[in-house]
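Now for the letters of each chain:
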Amino acid sequence: LFGSAQSKSQLDGKPLPFWYELENNKKRVGDDSLVWEPLDRDFWEKHLNRKEYNVLRHHGTEAPRSHRYNNIYPKTGYFACRACGLPLYGYHSKFDSSTGWPSFGTNIEGNVTERPDFEYGIQRQEVCCARCESHLGHVFAERSSNKFDHLETFTERQCINGVCLHFINKPLPDNLNPKATAL
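Summary of the structure given here. (Residues numbered from 1 in each chain as written. Predicted model: local features only at pLDDT ≥ 70, side-chain atom pairs only at ≥ 80, totals over all residues. Heavy atoms only, no water.)

## Considerations on unusual backbone geometry
No. 1: Within the chain, His59 stands out as a residue other than glycine whose phi angle is a positive 60 degrees.
No. 2: Although it is not a glycine, Arg65 adopts a positive phi angle of roughly 60 degrees.
No. 3: Within the secondary structure, Arg65 is located in the loop between helix 3 (50–58) and strand 1 (78–81). (Helix = DSSP H or I, 4+ residues; strand = E, 2+ residues; numbered from the N terminus.)

This is the structure:
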C-alpha cells in the first residue's frame, strides 16, 4: 500500500516523489507555485513509503548515518520537501556537522517554519515544511557549542532527516532566496 504510486528516477533508480512530474512539466497556477491543500492519511500512504510516512507525517526520526544525503555535498542545486516539493535548502547551506544527519545552516526564506517541540521532556525547536507542514527535523543554536567551533558561516544547525528531502540538481529559482542567517 505504501508508496505504490511512485515512479523511478532516471538518474539513480530511487523513487521519485509524486510532485516531481508536476514541477518538471510546469503545471502551475497563480503565483508560480503548486496549488496545495491539506491532504488526508490515504493520500500520504499512497504517495510516501513507510519510512517517509513515519518521519514526515508522524514526527519520526531516521537512524543516524542511515541516509545517503548525510554525506552528499553538491556544488549546485537545492533540497526540496520529499512530501510536497517545496524548495527548502540551497546546496551552499549544507555542511558536515558530524551528527549523522544532513545539516543546514540556513533555509530558503519563508519555506521552513519552526515550532516548539516538548517531546522527550525537553524543549526543542521542530523544523517543518511551510507548505505541507511535514516534520523535517530540529534546529539547534550553535553559538556556544565547542563541538561546532569550526563553523564560521552559520549560527544554527538545522538537523534534517534525509528521508524528508529530495535533491534537485537544478539552479534555485530566482524568486527564492536563502534566509540571511550567516554571521
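Let us keep going from here.
## Thoughts on the state of the cysteines
No. 1: By the definition in use, this model includes zero disulfides.
No. 2: Cys128 forms no disulfide, and the closest cysteine sulfur to it belongs to Cys129, at a distance of 8.6 Å. (Disulfide = S-S within 2.5 Å.)

## Looking at the sheet that holds strand 7 (residues 135–141)
No. 1: Pairing is antiparallel across the open sheet formed by six strands, whose spatial order is 3-4-8-7-6-5. Each edge of the sheet is formed by a strand with only one pairing partner; in this case those strands are strand 3 (94–95) and strand 5 (112–117).
No. 2: Taken together, the six bridges between strand 5 and strand 6 (residues 124–129) define a ladder with antiparallel strand orientation. Its bridge partner lying in strand 6, Val112 is registered against Cys129. (Pairing = 2+ DSSP bridges.)

## What about helix 3?
No. 1: Buried residues of helix 3: Glu52, Tyr53, Val55 and Leu56, and no others.
No. 2: On its buried side, helix 3 packs onto helix 2 (41–47) and strand 7.
No. 3: Backbone nitrogen of Lys51 and a side-chain oxygen of the N-cap are separated by 3.1 Å at the start of helix 3; the cap is Asn49.
No. 4: Immediately beyond the C-terminal end of helix 3, within one or two residues, lies His59, with a positive phi of roughly 60 degrees. (Buried < 20%, exposed > 50% of the residue type's maximum accessible area, 1.4 Å probe, protein only. Contact = heavy atoms within 4.5 Å. Polar contact = N/O pair within 3.5 Å; in protein donor to acceptor, adjacent residues only side chain to side chain.)

## Quick notes on the nonpolar core
No. 1: Residues Leu88, Tyr89 and Leu165 are the most contacted members of the largest nonpolar core, which totals 25 residues.
No. 2: If you list the elements that add at least two residues to this core, you get helix 3, strand 1, strand 2 (87–90), strand 6, strand 7 and strand 9 (165–168).
No. 3: With three residues, helix 3 is the single largest residue contributor to this core.
No. 4: When residues no more than four places from it in sequence are discounted, the contact partners of Leu165 are Tyr69, Phe79, Ala80, Arg82, Leu88, Tyr89, Pro102, Phe104 and Ile160. (Core = buried A, V, L, I, M, F, W, Y, C linked by side-chain atoms within 4.5 Å.)

## Some thoughts on the side chain of Gln158
No. 1: One can find Gln158 in strand 8 (residues 156–160).
No. 2: Judged by relative accessible area, which is 0%, Gln158 ranks as buried.
No. 3: Within the structure, the side chain of Gln158 is placed 2.6 Å from the side chain of Tyr89, a separation counted as a polar contact.
No. 4: Engagement of the side chain of Gln158 in a polar contact is seen with the side chain of Asn107, the distance being 3.5 Å.

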